[in-house]
Each structure stands twice: as C-alpha cells, then as structure tokens.
Amino acid sequence: MLFLHATATAGEGEDSITTGMSYDQDYLTGEPAGHGFGVHLGYHHGLADDWDLLVNGGYAVFLGPGTRHDRVSLVVGAAYVIDALTWIPRFHAGVGYFGPGVKGVVLPDFGVTAGFGLEYRRFREFGVGIKAEYRYLVRNRHRSDGGLTVDLFVAAYF
C-alpha cells in the first residue's frame, strides 16, 4: 500500500464560466484617475491541478473625474490555483487587447495584466469570489498609465 499512490486531479480538465461586475480605475496621463463600473465574462480550463488557462472579456465605462470614456478588453493568460480548501486563492497574469468601445477617447493598445483573487467554493459546481488586477498598457504610454480592476464574480464549473 505504501508504494501505490493516487494523483490528485481536482482541477485538471475542469472548465468554468465566470461572470461578474467590477469597479474600475483608469489612469489617463495628466488627469485624475477615472472611476467606473464594468462587466466581464470569462472561461477557465484546468490544464493541471494547479494551473488554469483563462480567457476574459470585459467592458467598463468611466464616469469621471476627468474625461468620460469606455474601454473594451480581451485577455488570455494563466492562473496558479491553490485548490486545496473551500477558499481558493489564485494568482494570474496575461496579455491582451485594450481599446475604445463607443467613445474613442483611448487608443487601441495591448498590455499585460497581473492580479490575485480569492474564491469561495463550497460545492464543486459553483463558486463566488473577488479578484483584483492591474493592467499595464504598452504602446500608448503617453496617454494611459494603466488601470486597476476589482471584480466580484460567480463561477459555474462543468
């Protein structure tokens, strides 16, 4: 019995859809931080027990102070997940597109993101959580210093 072992594959091959609402800050150069609200939709796939592949799309509207504008995002990345308890911490990073939605105040850009989150998953089929993420935009540094997003989300696993 000591030589036999079983692998723990709690997250491997597991898929989930996440959706939620966010509080966003956008830092346009020379203006106070813009405050706004947004929505997001995401897909996560368990590559291994502790690694997820993620794709997230979002839309946020910034109401001020400063210039009112909106931003669309599409991010592809990976998350390191510690899926051992009911409270699941995760650390994620990715690359993506960030651009204007309806109001063309911001320029299309690509950037990198990094963040962390905590999910309460009492049942294997459902979870709720919060995550924070900072985005650093690459091409248009003269117009935008990046942004911050704090999401409240729900997740359905299948």
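As the structure is a prediction and not an experimental result, all values here were calculated from the model.

With that settled, the discussion passes to the overall build of the protein chain. Looking only at helices and strands, one finds 0 helices and 8 strands in the protein chain. Taken over the C-alpha atoms alone, the protein chain extends approximately 65 × 25 × 20 Å along its principal axes. Classification of the 158 residues of the protein chain by burial places 41% in the buried group. Counting contacts in the protein chain only where the partners sit at least 6 residues apart, residues at least 24 apart contribute 56% of the total. For the protein chain, the exposed surface amounts to about 8600 Å²; the carbon and sulfur share of it is 71%. The distance from the centre of the 12 positive side-chain charges to the centre of the 17 negative ones in the protein chain is 8 Å.

Ordered in space as β1-β2-β3-β4-β5-β6-β7-β8, the 8 strands form a closed barrel in which the pairing is antiparallel. Ignoring which end each strand starts from, the neighbouring axes of this sheet average 25° apart. By the bridge criterion, 12 bridges tie strand β3 (residues 51-64) to strand β4 (residues 69-81) in an arrangement that is antiparallel. Looking across to β4, one finds that Leu53 is bridged to Ala78.

Looking along the chain, the bond that leaves Gly64 and enters Pro65 is cis, with omega of 0°. Relative to the assigned elements, Pro65 resides in the loop between β3 and β4.

What follows covers the packing of aromatic side chains. Centre-to-centre distance and the angle between the planes together describe a pair of aromatic rings. Applying the stated criterion to the full structure yields 3 aromatic pairs. Across from the ring centre of Tyr157, 3.3 Å away, lies the NZ or CZ of Arg121, which sits over that ring. Cation over ring: Arg122 sits above Phe123, and NZ or CZ is 5.6 Å from the ring centre.

Here strand β2 (residues 34-48) runs beside β3; their pairing, made up of 13 bridges, is antiparallel. The residue of β3 that forms the bridge with Leu41 is Gly57. Counted along the chain from β2 to the antiparallel partner β3, the turn is 2 residues long. Hairpin connection between β3 and β4: a loop of 4 residues separates the two successive antiparallel strands, and Gly66 in this loop has a positive phi of roughly 90°.

What counts as what
- Residues numbered from 1 in each chain as written.
- Predicted model: local features only at pLDDT ≥ 70, side-chain atom pairs only at ≥ 80, totals over all residues.
- Heavy atoms only, no water.
- Helix = DSSP H or I, 4+ residues; strand = E, 2+ residues; numbered from the N terminus.
- Buried < 20%, exposed > 50% of the residue type's maximum accessible area, 1.4 Å probe, protein only.
- Contact = heavy atoms within 4.5 Å.
- Areas by Shrake-Rupley, 256 points an atom, 1.4 Å probe, with all protein chains shown as cover.
- Lys, Arg positive; Asp, Glu negative; His and termini not counted.
- Charge placed at Lys NZ, Arg CZ, Asp CG, Glu CD.
- Pairing = 2+ DSSP bridges.
- Axes fitted to C-alpha atoms, helices over the stretch in contact; angles between N-to-C directions.
- Phe/Tyr/Trp six-rings, centres within 6.5 Å; stacked < 30°, edge-to-face > 60°.
- Lys NZ or Arg CZ within 6 Å of the ring centre and 35° of its normal.

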